[in-house]
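Observations on the three-dimensional arrangement
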Amino acid sequence: PYSTYGWVMAAGNIMMAAIIKQHQQQALRGSIMRRFSSLSAGLMARLEGACDRVSTNPTILERHGDDESHPPAVPPQCVAYARSTEEVAAIVRLCAEARVPVIPFGTGTSLEGHIQAIYGGVCLDLSEMNAIVEVNEEDMDCKVQAGVTRLSLNSALRHTGLHFPIDPGADASLGGMAACGASGTAAVRYGTMRENVLGTTAVLASGEIVRTGGRARKSSAGYDLTRLLVGSEGTLGVLTEVRLRLHPLPAACSAALCTFGSLEGGARAVAAILQCGIPVARCELLDATSIEAFNKYPKEVDDLEPVPTLFLEFVGISGAAVAEQAELAAECCAEHGGGAFAWATSEEERRRLWAARHSTYYASLNLRPGSKGIVTDACVPISRLAEVMDATARDVAEFDVVGPIFGHAGDGNFHVILAVKDDDPDEYLARVKQVNDRLIRRAIAVGGTCTGEHGIGVGKRDYLEAEHGAQSVEAMRAIKRALDPHNILNPGKVVDLGVPAAAAPQ
C-alpha cells in the first residue's frame, strides 16, 4: 500500500535497527549456546528424518528468535520446518522424549517476545503449512493450515463474497493470530480471534493430535478446549489448523475523519457512538503526536491537522444505511467537540487511508530513527477510556518520552508506542519503564487488562498476577503442568514454571 519511496524508507529503518543490534544479537546467540546443552547428534538426525528441512544457520536462527518487540533476538538452537500436522507431531514427540523446548513460529510479527527461545530448543516453523483446506460458502466457515496468512486467505475468498475481517495490521499467520488471541481495528464489529475460531487441530506436548470444536455455530458438549488453546501462545499445544468463521463482504462502505480539541473529547464521542447503537466497523483514535508521525512518514494520503483525530468506518447493506449511521455518529462527535467529518469518498481513497493508519507503528518509530517499540496494549471499560488515555498522555509529557498514543477506541483498547534505542541512557529507559508500568497498573485498577490483543509472552508476564490474582495464576500453572508436564512448549511464556529439565545449565 505504500509508494516505492515509502518501502525504501521503511526498509532503511529496519536495516538501521538491525545493524545497531548486531553485536548484541551475536553475544546472545553465543550465550544461548553456552548456557544450555547442545542438541545431540542423534536428536538432530531424527529431526531431519521427521521433516524436510532443519537449519542451524546463524542468520536463520536469529530471524526465528526476533519478533517486533524491543528486546534483542534470543535465537533457538535449530529451526525445523513442518508441512503437515503429522510432521509437527513427530517433531514434538522427539523433543518430548529429549525434554527439549519447542517454540512455534508463524511469521514473527508478535510483540511480547513470544518466539524468543529463552531456554534454547527447537523453533518449529509452520510457515510452509500454508494450505487452505476447505471453504464452506453456505455455512460461512473455512479450515486453514496454521501458516496461512490473513491476506492470502482473503485473496482466495475474493470470488465468494466472504472475507475474514480480523485485522491486526500485520499480515500475520492465522495460527499465530489464534495462538495470541489477536484482534485489531475491526474488533468493534466482528470481535477477536476468540469469537471467530470455531475449532482447531493441535499437537499436545506428548505429540498426540487433538481436534477441538467443530462446524456447528454453538455447542454445549464438554469443556471448551478451543477457547483454552486460543490465546495460549503455544504453551499448551501447537496449533496446526484452525477453523474460522467467515463474514459477508459489506455491500456499502464509507470512511471519515473527525478532529477534536482533546483526546478526552474523542474518547467520550466514541462512548456516545456505541451507546447509540451505531454499528461502526472501525473506530480508531489517534493523538496529536501520532498524527505528526503519520504526516512525516511516507504515505499516499494528504497530511492531516496535528490534533487528536477519530478514524471511523461504516458498513451496511446500502448506501442509505451507511449514510444514516454516519449522520448519527457525526451528531455524537459534535456533542463532544468534534469538527466536521472529512470523507474518504472512493474505495481507493479509503484503502489508502487505512493503509496509512496501519503504518502508524513504523511512523511512530520513525520519530526516533533506529528505534524499536515497547508497545503497550491496555484495554479498559469504554466508560473509563477517556480518563485513562488522558492520564497516559500527561505521563508521556511529564516523563518526557517519545510515545504516540492511538488505538481501537471502539473496544477500549489503545496503544502507546514507546520508542527506545539500544544505546539510550539508563535514565531514559527508566522513564519509559515508569510510563509503561503506570499505564498498566492504571488500566488494571479501573477493571481493565494489561493486554487486549498482543498477549502476555515474556513482556507482560509480571503483570498477570496483579490482574487476575495469585489463585487464578496458580490455576493457570496447574493447567500448564497437566498438559505439558515437562514444560517443553514455549517455556517461560504466559506463566513461568522455571527452566525445563533438559535446558538446565551444564
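Being a predicted model, the structure only gives us computed values, none of them experimental.

Focus: the pairing of strand β5 (residues 132-136)
As defined by bridge partners, β5 adjoins strand β6 (residues 141-145) across 4 bridges and the pair is classed as antiparallel. For Glu-134, the partnering residue across the bridge sits in β6 and is Lys-143. Between β5 and β6, which pair antiparallel in sequence order, lie 4 residues; one of them, Met-140, sits at a positive phi of approximately 55 degrees.

As for helix α16 (residues 426-445)
Helix length check: α16, at 20 residues, gives a terminal C-alpha distance of 28 Å against a target of 28 Å (1.5 Å per residue), a fit within 8%. Of the positions making up α16, those classed as buried are Tyr-428, Arg-431, Val-432, Val-435, Asn-436, Leu-439, Ile-440, Arg-442, Ala-443 and Ile-444. Contacts made by the buried residues of α16 are with β16 (372-375), α15 (382-398), β18 (413-420) and α17 (464-468).

With respect to the sheet that holds strand β3 (residues 102-105)
Hydrogen bonds along the backbone pair up the strands of a sheet, which may run parallel or antiparallel. The mixed open sheet is built from 4 strands, whose spatial order is β1-β2-β4-β3. Edge strands, defined here as strands with exactly one partner in the open sheet, are β1 (53-55) and β3. Across this sheet, the average inter-strand angle for adjacent strands is 25 degrees, counted without regard to direction. Bridge count between β1 and strand β2 (residues 78-81): 3 bridges; the pairing is antiparallel. For Arg-53, the partnering residue across the bridge sits in β2 and is Tyr-81. Strands β1, β2 and β4 (122-125) of the sheet are contacted by helix α2 (residues 41-50), whose axis makes an angle of about 145 degrees with β1. Contacting β2, β3 and β4, helix α4 (residues 85-98) crosses the sheet at an angle of about 170 degrees to β4.

Structural notes on the pairing of strand β13 (residues 280-286)
Taken across its 7 residues, β13 has 7 buried, putting it largely inside the fold. Judged from the 2 bridges that link them, β13 and strand β17 (residues 405-408) form a sheet pairing that is antiparallel. Across the sheet, residue Leu-285 finds its bridge partner in β17, namely Gly-407.

With respect to the packing of α2 against α4
The relative placement of two packed helices comes down to the angle between their axes together with the axis-to-axis distance. Contact geometry for α2 and α4: axes closest at 9 Å, N-to-C directions at 165 degrees. Between α2 and α4, the interaxial angle falls into the category roughly antiparallel. The way α2 lies across α4 gives a crossing that is right-handed. Listed contacts from α4 to Leu-43, Arg-46, Leu-47 and Ala-50 of α2 are Glu-87, Ala-90, Ile-91, Leu-94, Cys-95 and Ala-98. Residues belonging to the contact of α2 with α4 are distributed by class as follows: 8 nonpolar, no polar and 2 charged.

Looking at the sheet that holds β17
Ordered by their spatial adjacency, 7 strands build an open sheet running β15-β12-β14-β13-β17-β18-β16, and the pairing between neighbours is antiparallel. With partners counted over all chains shown, the strands left at the sheet margins are β15 (342-344) and β16, one partner each. Averaged over neighbouring strand pairs, the angle between their axes works out to 25 degrees when direction is ignored. In terms of strand pairing, strand β12 (residues 252-259) meets strand β14 (residues 309-316) through 8 bridges, oriented antiparallel. Considered in β14, the bridge of Leu-257 is made with Phe-311. Strands β13, β17 and β18 of the sheet are contacted by α15, whose axis makes an angle of about 10 degrees with β18.

Here's the deal with the layout of surface pockets
A volume near 700 Å³ is recorded for the second largest pocket. Considering the residues around the second largest pocket, the lining is formed by 31 residues, among which Arg-194, Gly-231, Glu-233, Ile-456 and His-468 are closest to the centre. Every element with two or more residues in the lining of the second largest pocket is listed here: α9 (225-229), α17 and α18 (470-483). Of the residues assigned to the lining of the second largest pocket, the class counts are 11 nonpolar, 12 polar and 8 charged.

A closer look at the packing of aromatic side chains
As enumerated under the stated definition, the model contains 5 aromatic pairs in all. Taking 6.5 Å as the distance between ring centres and 45 degrees as the angle between the ring planes, the aromatic pair formed by Phe-314 and Trp-343 counts as tilted. Here Phe-314 is found in strand β14, whereas its partner Trp-343 is found in strand β15, with 29 residues between them in sequence. Phe-314 gets classed as buried once you look at its relative accessible area, which sits at 0%.

Quick notes on the nonpolar core
One finds Ile-273, Leu-310, Leu-312, Phe-314, Cys-333 and Phe-414 to be the most contacted residues of the largest nonpolar core, which totals 44 residues. Here this core takes 6 residues from helix α10 (residues 263-275), the largest share from any one element. Apart from the residues lying within four places of it in its own chain, the contact partners of Leu-310 are Ala-256, Leu-257, Cys-258, Phe-260, Val-270, Ile-273, Cys-283, Glu-284, Leu-285 and Cys-333. Core analysis: the second largest hydrophobic core is formed by 30 residues, Leu-43, Leu-47, Leu-94 and Ala-96 among them.

Here's the deal with the confidence of the model for the protein chain
On average, the protein chain scores 90 in pLDDT, and the residues at 70 or more come to 92%. Considering only residues more than four positions removed or in separate chains, one finds that residues 1-34, a stretch of pLDDT under 50, has 52 contacts.

Considerations on the pattern of salt bridges
Per the counting criterion, the structure on display carries 30 salt bridges. The partner of Glu-128 in a salt bridge is Arg-83, and the shortest N-O contact between them spans 2.9 Å. Remark: Arg-83 occurs in the loop between β2 and α4 and Glu-128 occurs in the loop between β4 and β5; sequence separation between them is 45 residues. Through salt bridges with shared partners, one network takes in Arg-150, Asp-167, Arg-282, Glu-313, Glu-347 and Arg-350.

Rules used throughout
- Residues numbered from 1 in each chain as written.
- Predicted model: local features only at pLDDT ≥ 70, side-chain atom pairs only at ≥ 80, totals over all residues.
- Heavy atoms only, no water.
- Pairing = 2+ DSSP bridges.
- Helix = DSSP H or I, 4+ residues; strand = E, 2+ residues; numbered from the N terminus.
- Expected span 1.5 Å × (residues − 1).
- Buried < 20%, exposed > 50% of the residue type's maximum accessible area, 1.4 Å probe, protein only.
- Contact = heavy atoms within 4.5 Å.
- Axes fitted to C-alpha atoms, helices over the stretch in contact; angles between N-to-C directions.
- Parallel < 35°, antiparallel > 145°, perpendicular 65-115°, else oblique.
- Left-handed = near helix turned anticlockwise from the far one by under 90°.
- Nonpolar A, V, L, I, M, F, W, Y, C, P; charged D, E, K, R; others polar.
- 1 Å grid on protein atoms, 1.4 Å probe; cavity = no way out; pocket = protein on both sides within 12 Å on 5 of 7 lines; lining within 4 Å.
- Points joined across faces, edges and corners; volume = space filled by probe spheres on them.
- Phe/Tyr/Trp six-rings, centres within 6.5 Å; stacked < 30°, edge-to-face > 60°.
- Core = buried A, V, L, I, M, F, W, Y, C linked by side-chain atoms within 4.5 Å.
- pLDDT = per-residue confidence, 0-100.
- Salt bridge = Lys/Arg side-chain N within 4 Å of Asp/Glu carboxyl O.

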